[in-house]
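Below, each chain spelled out in residue letters.
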Amino acid sequence: MIAVPELVTIDPEVTAAVHAVIPLSGLRDFFDASFGALAGAIAAQQLDIKSPAFGLYRGASGDPLDVEVGFATGRPVDPTGAVFAGSLPGGRVARLTHVGGFDGLGSSWNDLHAWIESQGLTPADHRWEVYITQPSPDMDPNDLRTELNWPVAD
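Quick notes on the rules
- Residues numbered from 1 in each chain as written.
- Predicted model: local features only at pLDDT ≥ 70, side-chain atom pairs only at ≥ 80, totals over all residues.
- Heavy atoms only, no water.
- Helix = DSSP H or I, 4+ residues; strand = E, 2+ residues; numbered from the N terminus.
- Buried < 20%, exposed > 50% of the residue type's maximum accessible area, 1.4 Å probe, protein only.
- Contact = heavy atoms within 4.5 Å.
- Areas by Shrake-Rupley, 256 points an atom, 1.4 Å probe, with all protein chains shown as cover.
- Lys, Arg positive; Asp, Glu negative; His and termini not counted.
- Charge placed at Lys NZ, Arg CZ, Asp CG, Glu CD.
- Expected span 1.5 Å × (residues − 1).
- Arc of directions from axis to C-beta.
- Phe/Tyr/Trp six-rings, centres within 6.5 Å; stacked < 30°, edge-to-face > 60°.
- Lys NZ or Arg CZ within 6 Å of the ring centre and 35° of its normal.
- Core = buried A, V, L, I, M, F, W, Y, C linked by side-chain atoms within 4.5 Å.
- Pairing = 2+ DSSP bridges.

**Focus on the overall build of the chain**
Then, number 1: If you tally the helices and strands in the chain, you get two helices and nine strands.
Then, number 2: Going from the N terminus to the C terminus, the chain shows its helices and strands as β-β-α-β-β-β-β-α-β-β-β.
Then, number 3: When the backbone C-alpha atoms are referred to their principal axes, the chain occupies close to 45 × 35 × 30 Å.
Then, number 4: When burial is assessed residue by residue, the chain has 42% of its 154 residues classed as buried.
Then, number 5: Contacts in the chain between residues at least 24 apart in sequence constitute 75% of all its contacts with a sequence separation of at least 6.
Then, number 6: Here the chain displays about 8,200 Å² of accessible surface, and carbon together with sulfur accounts for 53% of that area.
Then, number 7: Charge separation in the chain, taken as the distance between the mean sites of 8 positive and 20 negative side-chain charges, equals 5 Å.

**Describing helix H2 (residues 105–118)**
Then, number 1: Between its terminal C-alpha atoms H2 stretches 20 Å, which fits the 20 Å expected from 14 residues at 1.5 Å a residue.
Then, number 2: By the burial criterion, the buried members of H2 are Leu105, Ser108, Trp109, Leu112, Trp115 and Ile116. All buried residues of H2 project into a common sector of 120 degrees when viewed along the axis, lining one side. With respect to the buried face of H2, the exposed residues turned more than 90 degrees away are Asn110 and Ser118.
Then, number 3: Of the surrounding elements, those touching the buried residues of H2 are strand E1 (6–10), strand E6 (91–99), strand E7 (122–123), strand E8 (126–131) and strand E9 (145–153).

**Points about the packing of aromatic side chains**
Ring pairs (aromatic) are described by centroid distance and by the angle formed between their planes.
Then, number 1: Inspection of the entire model under this criterion finds six aromatic pairs.
Then, number 2: Judged by centre distance (6.3 Å) and plane angle (90 degrees), the ring pair of Phe30 and Phe31 falls under edge-to-face. Like Phe30, the residue Phe31 is buried in the burial classification.
Then, number 3: Taking the centre distance of 5.8 Å and the plane angle of 75 degrees together, the rings of Phe31 and Phe35 count as edge-to-face. Linking Phe31 with Phe35, this pair stays in helix H1 (residues 27–44), spanning four residues, or about one helical turn.
Then, number 4: Phe35 gets classed as partly exposed once you look at its relative accessible area, which sits at 25%.
Then, number 5: A connected cluster of aromatic rings, assembled from ring pairs, spans Phe30, Phe31, Phe35, Phe71, Phe102 and Tyr131.
Then, number 6: Between Arg127 and the ring centre of Trp150, over which it is positioned, the NZ or CZ distance is 5.5 Å.

**Focus: the nonpolar core**
Then, number 1: In this structure, Phe30, Phe31, Leu38, Val67 and Val83 are the most contacted members of the largest nonpolar core, which totals 19 residues.
Then, number 2: Considering every element that reaches this core, the biggest residue donor is H1, with five residues.
Then, number 3: Counting eleven residues, the second-largest nonpolar core is a separate cluster that includes Trp109, Trp115, Ile116 and Leu121.

**Here's the deal with the pairing of E9**
Then, number 1: Taking burial as the measure, the nine residues of E9 include seven buried ones, the bulk of the element.
Then, number 2: Where E6 and E9 come together, seven bridges link them in antiparallel fashion. Each bridged residue has a counterpart across the sheet, and for Val93 the counterpart in E9 is Pro151.
Then, number 3: In terms of strand pairing, E7 meets E9 through two bridges, oriented antiparallel.

See the structure below:
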């Protein structure tokens, strides 16, 4: 399956999220801890989850990473512990669905960046992944689907 980028216009979304600037080596642990904190806050506040989990990245890729992890929710979360009310931006977004394991995400992000530039568009300094397929320890990584979203300007 060959993924083809597309340009879409989306509405902003309210989120419950956790933010940190972390070393690349700590990314998995950060996601795991964040999902635990988010689950507790979302359940305690009886929020509706409106989307699969996302990871929002700010600035250039590299080490360390400025990352925000969360879920789109029906209304803002009341801040508790590390969980805060955030948002995903609306507007024009270049989108690509990555098929396969997380180790190939860098290549897909590079492909999306090249496509954006080939369209004469300017990528924003932030971008996010939506984890369409929830990973599990016994699944085939080739079954994973991750939606890559990169806001653009003319």
